[in-house]
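Commentary on secondary and tertiary structure
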Amino acid sequence: MPRRNVMSDPLARLGSGVSSALARFFLNFGRFWVFSGHAIEFIPVELVGLRGWRRLLPQCFYIGTRSVPVIMMTGTFIGMVLIVQGWAQFDAAGLTDRLGAIVVTSLCLELGPVLAGVMLAGRAGGALTAELGTMNVTEQLLALRSMGADPIRHLVTPRFLACLTLAPLLTCYANLMGTLGAFVVYAGVYGGDTEPFWYWITQTVQVWDLGSGLFKSLFFGGAIGLVSCYNGFHCDPGAQGVGQACTQSFVISFILILMLDLFLGLVLNGLYDVWYGFRPLI
Amino acid sequence: MSDNDGPIIELRGVSKSFGRQHVLDQINLAIETRKNTVIIGRSGTGKSVLLKHIVGLLRPDRGEVYFEGQQIDRLSEAAWVPIRQQISCVFQLNALFDSMTVLENVAFPMTENRRGRLDRDRVRELARRCLEIVGLAGFDPKYPAQLSGGEKKRVAIARAIAIDPPPKVILYDEPTAGLDPQRSDVINKLIRQMQATVDVTGVVVTHDMKTAAEVGDRVLMLYSGHFIADGTPAEVLRAQDPRVRRFAQGTAEPSDISSLLAEQE
Ligand SMILES: Nc1ncnc2c1ncn2[C@@H]1O[C@H](COP(=O)(O)OP(=O)(O)O)[C@@H](O)[C@H]1O
Ligand SMILES: [Mg+2]
């Protein structure tokens, strides 16, 4: 067979490489939505039956309960370090009373949901991909299908639901511990007045801040669940394929969290502006 | 049932390719009821692919698959469920669920498909009986990771028969691969026993000539996409075709050796 001209021309080779990568991307993108559609479609039937709950609750334990310590720790340290970084500036302006309120607002709006999401992606997302990927390469997914059980319903829907519902709960833990951490450093290290700390928090932080953070975390959790499960279901054979899929899950979940955060931030701020107008924080 | 004398499973002109690789090329195969049909062939010739077409885990590019006279290759995943309750698989890697005990694994097809019509005690009792049949009584609380290769295979066989009513067909994918000769013999006897006691049609895929000879009523050899031998085990062992003879005797093909030598240079 004569060598095809396309392959010898570097530019053409680059072109064909890019176009095949693009084709692969769109193929995966399409498959991902079909996969997600199936997983979501089974939510109602899974929630009515007792068996659905028997599958869901253990997942909640593995994904949620096991993540609580690490998320509480992350939250605490972030709350602490924000006070450390903000103290000098606020002190110079004579506004240390308000520092706590600023820190808690940023925790509720951004840091709580994003950090809880990232920790969930790292701890639970990787584990989900590894588990489902192993099931994939050892033919367990095929075995499920061959016994007339739908692997997406059995494996993906409960994991997706657990990630979706637990992300906001874990965010609450991160917010709470961040606030306590901030208070400890504020009062314990810098000797700030405790009463204005709490007073200004009640004056500044609104239900909207807490609510929009939790709302965003719902999306983060959902994205983590679907991406991790999808990668597990579609990993290459062998231990190496599973390992790669795990890394990929974390990277993609992480990027998705940040992208969703930006997008939802824009939308939610726009809504706030329309409904309530501008709000000065200080 | 419908037509007891006709073939229980029939493949007509089934072709399957993955990209440019043509794995199955116009396969015709009629599997007789209550006989063990063995498909032999070198690794990578598409034996597992062929089996997966029978349970709808892969769809043919061209051709049709029939189960008891009903065309099944175009069914939706939901419509496959009643068919799959009559055809069980023993996978090459066993595919036991790691997170479940042996008993839960064996009980799984029953708890899944019967929609709660069997109560839990009855399911457990049936699962225990299936474990007894494969000689693993008392293994219920163990996890798959705690079992040897042969024991895992036997659990997989127990799971395959653990549906009520019992399956009409069991597909075995390389049931003796990776087992020592003694344990292979146990599995071979078990496959024969399934045929006799559970009255099931067996389709066995293997690259082990000994297994083929022991469990097979009919042996076919798959070679680059189609069958090049078909007959009783004795007939296939006596075949004149050099490709079949080399497989039966376990000698390499000249082309393999020349490519090996080419690699060394
Ligand atoms: N899902 C798949 N996608 C792509 N290629 C596949 C797939 N399944 C099998 N193949 C290819 O088909 C060929 C036959 O595979 P298989 O049926 O597993 O062989 P064996 O006879 O050893 O069981 C192999 O070359 C394998 O790479
Ligand atoms: Mg195989």
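Everything discussed here concerns the structure shown above.
Source: prediction; values computed, not measured. (Residues numbered from 1 in each chain as written. Chains lettered and ligands numbered in written order. Predicted model: local features only at pLDDT ≥ 70, side-chain atom pairs only at ≥ 80, totals over all residues. Heavy atoms only, no water.)

The subject of this paragraph is the overall build of chain A. Secondary structure summary: chain A contains eleven helices and zero strands in total. For chain A, the C-alpha atoms occupy an extent of roughly 80 × 60 × 40 Å along the three principal directions. Within chain A, the proportion of its 282 residues that are buried is 45%. Look at the contacts in chain A between residues 6 or more apart in sequence, and 83% of them connect residues 24 or more apart. As displayed, chain A has an accessible area near 14,300 Å², and 70% of this comes from carbon and sulfur atoms. In chain A, which carries 16 positive and 15 negative side-chain charges, the distance between the mean positions of the two groups comes to 15 Å. (Helix = DSSP H or I, 4+ residues; strand = E, 2+ residues; numbered from the N terminus. Buried < 20%, exposed > 50% of the residue type's maximum accessible area, 1.4 Å probe, protein only. Contact = heavy atoms within 4.5 Å. Areas by Shrake-Rupley, 256 points an atom, 1.4 Å probe, with all protein chains shown as cover. Lys, Arg positive; Asp, Glu negative; His and termini not counted. Charge placed at Lys NZ, Arg CZ, Asp CG, Glu CD.)

Bringing the coordination of the magnesium ion (ligand 2) into the picture now. The protein atoms that coordinate the magnesium ion (ligand 2) are Ser48 of chain B (OG) and Gln92 of chain B (OE1), at distances of 2.0 to 2.7 Å. Here Gln92 of chain B lies in the loop between strand E6 (87-90) and helix H3 (102-113) and Ser48 of chain B lies in helix H1 (residues 47-54), a separation of 44 residues in the sequence. (Donors = N, O, S within 2.8 Å, 3.2 Å for Na, K, Ca; no water.)

Glancing now at the sheet that holds strand E5 (residues 70-71) of chain B. Residues and elements named next belong to chain B. Read from one edge of the open sheet, four strands run E2-E1-E4-E5, paired in antiparallel fashion. Only two strands of the sheet have a single neighbouring strand rather than two, namely strand E2 (21-31) and E5. Strand direction decides the pairing type here: strand E1 (residues 9-18) and E2, joined by seven bridges, are antiparallel. Along E2, the bridge assignment pairs Leu11 with Leu29. Against the sheet, H1 contacts E1, E2 and strand E4 (62-67), and its axis sits at roughly 125 degrees relative to E1. (Pairing = 2+ DSSP bridges. Axes fitted to C-alpha atoms, helices over the stretch in contact; angles between N-to-C directions.)

Let us look at helix H11 (residues 238-276) of chain A. Residue and element names in this part refer to chain A. Between its first and last C-alpha atoms H11 spans 55 Å; for 39 residues at 1.5 Å apiece the expected length is 57 Å, and the two agree. Regarding H11, the residues found buried are Gly241, Val242, Ala245, Cys246, Ser249, Ser253, Ile257, Asp261, Leu264, Gly265, Leu268 and Tyr272. The inward-facing, buried residues of H11 contact helix H6 (96-137) and helix H10 (207-233). Once H11 ends, the next one or two residues include Gly277, with phi positive near 85 degrees. (Expected span 1.5 Å × (residues − 1).)

Once that is clear, we can look at the packing of aromatic side chains. Residue and element names in this part refer to chain A. Taken as a whole and assessed by the stated rule, the structure comprises 22 aromatic pairs over all chains. Taking the centre distance of 5.8 Å and the plane angle of 70 degrees together, the rings of Trp87 and Tyr186 count as edge-to-face. Note that Trp87 is positioned in helix H5 (residues 68-92) and Tyr186 in helix H8 (residues 151-189), a separation of 99 residues in sequence. For the pair Trp87 and Tyr186, a shared accessibility class is recorded, and that class is buried. On the numbers, 5.3 Å between centres and 55 degrees between planes, the contact of Trp208 with Tyr272 is tilted. (Phe/Tyr/Trp six-rings, centres within 6.5 Å; stacked < 30°, edge-to-face > 60°.)

Once that is clear, we can look at the sheet that holds strand E9 (residues 218-223) of chain B. Pairing between the strands of a sheet is mediated by backbone hydrogen bonds and can be parallel or antiparallel. Residue and element names in this part refer to chain B. Strand order in the open sheet formed by six strands is E6-E7-E8-E3-E9-E10, with mixed pairing between adjacent strands. Both outer strands of the open sheet, E6 and strand E10 (226-231), are each paired with one neighbouring strand and no more. Adjacent strand axes in the sheet meet at a mean angle of 20 degrees when their direction is disregarded. Pairing between E9 and E10: five bridges, direction antiparallel. Paired with Tyr223 across the two strands is His226, which belongs to E10. Contacts from H1 reach strand E3 (36-40), E6, strand E7 (169-173), strand E8 (201-206), E9 and E10 within the one sheet, and its direction differs from that of E7 by about 155 degrees. Running over the sheet, helix H6 (residues 181-198) touches E3, E7 and E8 and is turned about 145 degrees from E3.

Let us look at the interface of chain A and chain B. How big an interface is tends to be reported as the loss of accessible area on association of its parts. On the side of chain B, 24 residues touch chain A, which itself brings 17 residues to the contact. Across the chain A to chain B interface the summed buried area is about 1,800 Å²; carbon plus sulfur atoms make up 54%. On the chain A side of the interface with chain B, the three residues burying the most area are Glu139, Arg145 and Met147 of chain A, jointly 35% of the side's total. Taken together, the connections running from chain A to chain B amount to one salt bridge. Glu77 of chain B is the salt-bridge partner of Arg145 of chain A, the closest N and O atoms lying 2.7 Å from each other. Remark: the boundary between chain A and chain B carries seven residue pairs in polar contact (both at pLDDT 80 or more). Among the elements that make up the side of chain A that touches chain B, the one with the highest residue count is helix H7 (residues 140-146) of chain A (six residues). (Buried area = accessible area lost by both parts, 1.4 Å probe. Salt bridge = Lys/Arg side-chain N within 4 Å of Asp/Glu carboxyl O. Polar contact = N/O pair within 3.5 Å; in protein donor to acceptor, adjacent residues only side chain to side chain.)

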